[in-house]
Amino acid sequence: MLIGALEAGGTNMTASIGNPQRGVMQRASFPTAAPETTIPQIVEFIRAFDVKALGIGSFGPLDLNPASPTYGSITGTPKKEWQGYPILSVLKQALGVPTAIDTASNVSALAENRMGAGQGTQNMLYLTVGAGIGGGILIGGQPVHGLVHPELGHMLIAPMEGDPMESGVCPFHRHCLEGLASGPAMEKRWGLPAKLMTDDHPAWALEAQYLAQMCANVIVTVSPEIIVLGGEVMQTHPALYPMIREETLRLLNGYVGSQKITPEGMAAYIVPPKLGMNAGVTGALLLGAQALEAETRKGNE
Ligand code: ZN
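About the criteria used
- Residues numbered from 1 in each chain as written.
- Predicted model: local features only at pLDDT ≥ 70, side-chain atom pairs only at ≥ 80, totals over all residues.
- Heavy atoms only, no water.
- Donors = N, O, S within 2.8 Å, 3.2 Å for Na, K, Ca; no water.
- Tetrahedral: all angles 85-135°; square planar, octahedral: opposite > 155°, others 65-115°.
- Helix = DSSP H or I, 4+ residues; strand = E, 2+ residues; numbered from the N terminus.
- Buried < 20%, exposed > 50% of the residue type's maximum accessible area, 1.4 Å probe, protein only.
- Polar contact = N/O pair within 3.5 Å; in protein donor to acceptor, adjacent residues only side chain to side chain.
- Contact = heavy atoms within 4.5 Å.
- Pairing = 2+ DSSP bridges.
- Axes fitted to C-alpha atoms, helices over the stretch in contact; angles between N-to-C directions.

Student: Sorry if this is basic, but what is going on with the coordination of the zinc ion here?
Tutor: The expected angle between donors at a tetrahedral four-coordinate metal is 109.5 degrees. At an octahedral six-coordinate metal it is 90 or 180 degrees. Coordination of the zinc ion by the protein is provided by His154 (ND1), Cys170 (SG), His173 (ND1) and Cys176 (SG), with metal-donor distances spanning 2.1 to 2.4 Å. Considering all four donor atoms around the zinc ion, the spread of angles at the metal, 105 to 116 degrees, places the coordination shape in the tetrahedral class. Taken in sequence order, the residues that donate to the zinc ion follow the motif H-x15-C-x2-H-x2-C. Of the two residues, His154 is situated in the loop between strand E8 (142-143) and helix H4 (177-181) and His173 in the loop between E8 and H4; the sequence distance between them amounts to 19 residues. The exposure class assigned to His173 is partly exposed, which follows from its relative accessible area of 27%.

Right, dumping it as structure tokens:
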């Protein structure tokens, strides 16, 4: 059985055909131009296959309230042409199959939970640190939606003393996580991209401190059973993992009573993703499969 997956990013949109068990069989990428250019290309590609459902992991923010008239639309993006674009309903109508949407981060979190580093957990956090910072939270095995959806990249963070950057790169907040710790923040602060920084560059200690603040905040609010940190910045410098673990322990200062929040437990608690760059597509396939299941269940009632 074939399922379609769309990874809708701000720069590129990748459509894939496959299923969660067997992975991807066909794939095509299109630049994210205006919707009237890009969406028909995606529809044409997917239509050539007999897909039974579609899962979409999209850039956002998104309207994910099923009761809302604009459910499945992109809301406040700085990409003007996509503001208010009803990506879910357009694709659902064009393809005529059960279709589901979530944020790219939630979709990747779902994949890591079902098939990656978070297997066996109910509550977890998945966060990518790259050109932006995005996080997905699962509670009871399902992505969290509430008022809107979590925006972990914009968690406010205390600037560290000695940080040479006056103000972060986020246009909305002076010092949120994305503003202080994303790839562009590192480049602005130090004048070179993270991938060119040597292992002894002071950037890494500061980066670990900011990411540890996020980890500590999430541990005391969401109480995840595991924290999965991915994205280009983490990949570039895996030595960040032990630094973040140590700093998170220091910040929590012995308060949280769990064997995982100890020097021994941390190595299996703040971890890299297992699916790597495939988390997004795997999660979108899983979401498509869930949409199909939900439709089948409705049909049987
Ligand atoms: Zn922000």
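Now that the structure has been shown, we can carry on.
Student: Before we go on, may I ask you to explain the side chain of Asn19 in this structure?
Tutor: Structurally, the position occupied by Asn19 is in strand E2 (residues 12-19). Here the side chain of Asn19 touches Arg22 through a polar contact of 2.8 Å, landing on its backbone nitrogen. Excluding anything up to four places from it in sequence, Asn19 contacts Met1, Met25 and Leu285.

Student: For this particular structure, what's the right way to read the sheet that holds strand E9 (residues 226-230)?
Tutor: Within a sheet, adjacent strands bond to each other through the backbone by hydrogen bonds, running parallel or antiparallel. Strand order across the open sheet formed by five strands is E8-E7-E6-E9-E10, with mixed pairing between neighbours. On the outer flanks of this sheet lie E8 and strand E10 (270-271), each paired with one strand and no other. With respect to the sheet, helix H3 (residues 104-115) is in contact with strand E6 (124-129), strand E7 (133-139), E8 and E9, its orientation differing from that of E7 by roughly 50 degrees.

Student: Before we go on, may I ask you to explain the sheet that holds strand E1 (residues 2-8) in this structure?
Tutor: One open sheet holds the five strands; their spatial order is E3-E2-E1-E4-E5, and the pairing between them is mixed. Each end of this open sheet is capped by a strand with a single partner; those strands are strand E3 (23-31) and strand E5 (99-103). Across this sheet, the average inter-strand angle for adjacent strands is 15 degrees, counted without regard to direction. Here five bridges tie strand E4 (residues 51-58) to E5, and the two strands are oriented parallel to one another. Paired with Ser58 across the bridge in E5 is Thr103.

Student: Help me out: how do you make sense of unusual backbone geometry in this one?
Tutor: Only a minority of non-glycine residues have a phi that is not negative, and only a minority of peptide bonds are not trans. The step from Gly60 to Pro61 runs through a cis peptide bond, and the omega angle for that step is 0 degrees. Position of Pro61 relative to the elements: it lies in the loop between E4 and helix H2 (87-95). Unusually for a residue other than glycine, Ser223 sits at a positive phi of about 55 degrees. Examined against the element boundaries, Ser223 turns out to sit in the loop between helix H6 (203-221) and E9. The phi dihedral of Asn253 is positive, around 55 degrees, even though this residue is not glycine. Relative to the helices and strands, Asn253 is located in the loop between helix H8 (240-252) and E10. With a relative accessible area of 65%, Asn253 lands in the exposed category.

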